[in-house]
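A closer look at the structure
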Amino acid sequence: MTPLKEMQAWKALEAHATTLQSKHLRELFAADPKRGERMTAEACGLFLDYSKHRIDDETLRLFQALAAEAGLKDRRAAMFAGEKINVTENRAVLHTALRAPREAVIEVDGHNVVPDVHAVLDKMAEFAESLRSGAWTGYTGKPIRNVINIGIGGSDLGPVMAYEALRHYSQRELTMRFVSNVDGSDFAEAVHGLDPEETLFIVSSKTFTTLETMTNAHSARVWALGKLKHAEAVAKHFVAVSTNAKEVAKFGIDTANMFGFWDWVGGRYSMDAAIGLSTMIAIGAENFRRMLAGFHAMDEHFRTAPLERNLPFLMGMLTVWYTSFFGAETVAVLPYDNYLKRFPAYLQQLTMESNGKHVTLDGRRVDYQTCPIFWGEPGTNGQHSFYQLIHQGTRLIPCDFIGFAQSLNPLGNHHDLLMSNIFAQAEALAFGKTPEQVKAEGTADWLVPHRTFEGNRPSSVILAEKMTPEILGQLVALYEHSVFVQGVVWQVDSFDQWGVELGKVLAVRIIPELESATEPELKHDSSTNALIRRYRAMRRKQG
Ligand code: F6P
C-alpha cells in the first residue's frame, strides 16, 4: 500500500490547498454566479448543497484522483461483496446486507446471509406486532405498556436516536425508555414509576458480556422479580438481542426470545439489525421496513452513482479536505429538527469509533491527522450557545446543517422561522460581514473589529422534504458511507475498536480494589493509588 502522503493526488491536493486557503468564499461565489446551483447533488430524498465549501472544480477533480489512487472503488466493492475488510478482526463488514431486499444474494464464506437477515426481521416483526397489539402479555396477564432497552454504545445510541427521530410515528401508548450507563441512577430513573407487571426489558448486547449492560440486566431482573416473584416470569419480561446464544441462555432468557445478528455487523452499524427491536416496537414493522428501504436506497446510490454526484463520497472527501489540509479539528453536525436531537451523539460513535485510529491497515503509525471530533446540537438552540465560536472564534469548524421543508407538527410560522435560521447561519458563516459594511452602519471605529465577521467558514446544507423512516435510513447510511470513504483515504481499519479495550481491562482490575473490605495493596501509579484511597475514605462517610 503506497503511503498516503506519497500518493500523487495527495501531493497535488496539498499544493492545490494552498491556493484555496487564501481564497474567500466571496470570491469563489463572485467568480461563478451559478455556483450555488451547480455545486449541489441529490440522491433518493436528500439534497446536498456543498457550494459553501472552500473548493473549486479542480478540488473535485483531485478528490476523484485521490479516491482512485487510494483504491476506493475496489474497497467499496469488497465491502459490498462481504470480503473480510475488517482485517484486525478478520471479519466481513456487511451492514449493507441488513437492508438488502429478500431476493438479494450476499455471501459470507460461501453462505448467502440474506435469508438469515429476513428470518430475523420476520421474527422481530411478529414479536413487535404481538406486543403492540397487546397479544403478548406479561407473566400476570397484563399487557406490556413499558419497554426498556438495556444496552450501551452501538446497542443504545442507534436505538435511542432512531426512537427520538421517529417518535412522531411511534405508538404513543407505549412508554419507551433506554438504560445504558452503569451509573445506578440511569437504571433507577428508567424504571421510576413503572410497574414490573407491565414492563418488558430488551437486553441488547452483541457480545452479551459488556459490563454496563450485564450489570443493568441483572438489576432489571432483581427489580422485576421483586414483584413478579417467580423466575419463570423472566421469559415473559426479558428478551435478548445478541450474537451470543450461550451467554443469553446463561442469563436465563429463553433463546426462543432471542433475536440474533452476526459478527459481520459492527456495534455502531447495528441499529438496522435486531438491535433495532425497540425501534420496531415503537414504530411498527411496516415503518421499520420503510427505514430499511431508505438505508438500501442510499447503499445503492453509494455503490453505483458517479463520484461527482455521489453524496457519501463528496461528504467524506470534504471531511478529509478540512482535516488534512486546513487543520480543522472538528465537524459540527447541526440538525434543525428537534426529532434529531440525539443524532450528533449517535454520529460520535459512528465516526470516531470508526476512524479514530493512529495506525494504517498494515500497522504503520500515520503521519497525518485522521478522524476529526464530531459534535453538535439541534438548531436553533446551539445558536444561543456555541455558534459565537463558530462565527468569530479562531478555529475552522466545518458544519453540516440538516433541515426539512415540511414540519411534522405545523404550528403557526414556527417552521419558516426555524428554516430561515439554517439558511441565515450558512450564509453568515460563508460571507460574513466586512469592516466596511460594519462601519457603514454607523458603528464606532473601536467597535468595528468586534462586530466584523470574517466569513469564509464552510458548511454543507442537507435538505429533505420531511422526516420519514425512509429519510432517517438514508441519512444514517449517508454518514456510514462517508465514514467509509474517509477510512479508505486515511488507510485505517474503520471497523475495529481496540481503543476501548485498555480502560475496560484496567477497570476490571480496580473493581476488587474498591470493593475489598480490607485496605488493598495498590500497585498502580501514585496518582491512581491516591485516587483509589481517597475514594475509599470518602465513601466511608456515606450515611
Ligand atoms: O465500546 C465498545 C463497544 O464494543 C462498542 O463498539 C459497542 O457498540 C459497545 O461496546 C457495546 O457492545 P455490546 O453490544 O457487545 O454490548
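Everything in this summary refers to the structure shown in the same document. (Residues numbered from 1 in each chain as written. Predicted model: local features only at pLDDT ≥ 70, side-chain atom pairs only at ≥ 80, totals over all residues. Heavy atoms only, no water.)

1. A word on the overall build of the protein
Each helix and strand counted, the protein has 22 helices and 13 strands in total. Computed over C-alpha atoms, the radius of gyration of the protein comes to 25 Å, within 12% of the 24 Å expected from 2.2 N^0.38 for 543 residues, which places it in the range of a compact globule. When the backbone C-alpha atoms are referred to their principal axes, the protein occupies close to 75 × 60 × 60 Å. Across the 543 residues in the protein, those meeting the buried criterion constitute 54%. (Helix = DSSP H or I, 4+ residues; strand = E, 2+ residues; numbered from the N terminus. Rg over C-alpha atoms; globule rule 2.2 N^0.38 Å. Buried < 20%, exposed > 50% of the residue type's maximum accessible area, 1.4 Å probe, protein only.)

2. Considering the site of the ligand
Near the ligand lie 13 residues; those nearest to it are S155, S205, T207, T210 and E353. Between the ligand and K206, the relevant distance is 2.8 Å, taken from an oxygen atom to a main-chain nitrogen or oxygen of the residue. Contacts to the ligand include Q349, whose side-chain N or O atom sits 3.1 Å from an oxygen atom. Out of a free accessible area of 390 Å², the ligand has 86% covered by protein chains. Residue composition of the shell around the ligand, by class: two nonpolar, nine polar and two charged. (Near = heavy atom within 4 Å. Polar contact = N/O pair within 3.5 Å; in protein donor to acceptor, adjacent residues only side chain to side chain. Areas by Shrake-Rupley, 256 points an atom, 1.4 Å probe, with all protein chains shown as cover. Nonpolar A, V, L, I, M, F, W, Y, C, P; charged D, E, K, R; others polar.)

3. Looking at the side chain of D56
Looking at where D56 falls in the secondary structure, it is placed in the loop between β2 (46-49) and α4 (57-70). From its side chain, D56 meets the backbone nitrogen of E58 in a polar contact 3.0 Å long. When near neighbours in sequence (up to four residues on either side) are disregarded, D56 contacts H16, L20 and M39. (Contact = heavy atoms within 4.5 Å.)

4. Quick notes on the packing of α4 against helix α14 (residues 311-325)
Look at α4 against α14: their axes get within 11 Å of each other, and the N-to-C directions meet at 95 degrees. The angle between α4 and α14 falls in the class roughly perpendicular. Here α4 contributes T59, L60, F63, Q64, L66 and A67 to the contact with α14, which in turn contributes F313, L314, M317, L318 and W321. Split into classes, the residues belonging to the contact of α4 with α14 amount to nine nonpolar, two polar and no charged. (Axes fitted to C-alpha atoms, helices over the stretch in contact; angles between N-to-C directions. Parallel < 35°, antiparallel > 145°, perpendicular 65-115°, else oblique.)

5. Overview of unusual backbone geometry
Residue T380 follows G379 across a cis peptide bond; omega there is 10 degrees. Looking at the secondary structure, you find T380 in the loop between β11 (373-375) and α16 (387-392). Unusually for a residue other than glycine, Q491 sits at a positive phi of about 65 degrees. Relative to the assigned elements, Q491 resides in the loop between α20 (469-490) and α21 (501-515). Q491 gets classed as buried once you look at its relative accessible area, which sits at 4%.

6. Digging into the environment of T2
Structurally, T2 is set in the segment before α1 (8-21). When the C-alpha atoms of T2 and L389 are compared, they prove to be 38 Å apart, with 387 residues separating the residues in sequence. Not counting residues up to four positions away in its chain, the partners in contact with T2 are M7 and Q491.

7. Comments concerning the packing of aromatic side chains
One pass over the structure, following the stated rule, counts 25 aromatic pairs. Ring geometry for F302 and F484: centres 6.0 Å apart, planes at 80 degrees, overall edge-to-face. Here F302 is found in helix α13 (residues 285-304), whereas its partner F484 is found in helix α20, with 182 residues between them in sequence. Residue F302 shares its accessibility class with F484, and that shared class is buried. The ring of F259 has K123 lying over it, and the distance from NZ or CZ to the ring centre is 5.2 Å. (Phe/Tyr/Trp six-rings, centres within 6.5 Å; stacked < 30°, edge-to-face > 60°. Lys NZ or Arg CZ within 6 Å of the ring centre and 35° of its normal.)

8. Side note on helix α8 (residues 184-191)
Along α8, the positions that sit buried rather than exposed are F187, A190 and V191. Buried residues along α8 cover an arc of 85 degrees about the axis, so they all sit on one side. In this structure, the buried residues of α8 make contact with β5 (146-150), β6 (175-179), β7 (199-204) and α9 (211-228). Looking one or two residues beyond α8, the residue adopting positive phi is G193, at roughly 80 degrees. (Arc of directions from axis to C-beta.)

9. A few points about the environment of E353
Its location among the elements puts E353 in helix α15 (residues 343-355). Residue classification places E353 among the partly exposed residues on the basis of a relative accessible area of 22%. C-alpha separation for the pair E353 and V500, spaced 147 residues apart in sequence, amounts to 8.7 Å. Setting aside residues no more than four positions away along its own chain, E353 makes contact with R268, Q348, D496, Q497 and V500. Among the polar contacts listed, one links the side chain of E353 to the side chain of R268, at a separation of 2.9 Å.

10. Focus: the pattern of salt bridges
Scanning the entire structure with this criterion turns up 31 salt bridges. Salt-bridge contacts for R91 lead to D263; the nearest nitrogen and oxygen are separated by 3.8 Å. With a gap of 172 residues between them, R91 in the loop between α5 (72-80) and β3 (107-108) and D263 in the loop between β9 (258-260) and α12 (277-283) connect regions that are remote in the sequence. (Salt bridge = Lys/Arg side-chain N within 4 Å of Asp/Glu carboxyl O.)

11. A look at the state of the cysteines
In total, this model carries zero disulfides according to the counting rule given. The closest cysteine sulfur to the non-disulfide-bonded C399 is located on C371, 16 Å from its own sulfur. (Disulfide = S-S within 2.5 Å.)

12. Digging into the sheet that holds β7
In spatial order, the strands read β6-β5-β7-β8-β9; together these five strands make up an open sheet with parallel pairing. Looking at strand neighbours, the two that pair on one side only are β6 and β9, the edges of this open sheet. The mean angle between the axes of side-by-side strands here comes to 20 degrees, regardless of whether they run parallel or antiparallel. With three bridges joining them, strand β8 (residues 238-242) and β9 adopt parallel strand pairing. Bridge pairing links V241 to F259 in β9. (Pairing = 2+ DSSP bridges.)

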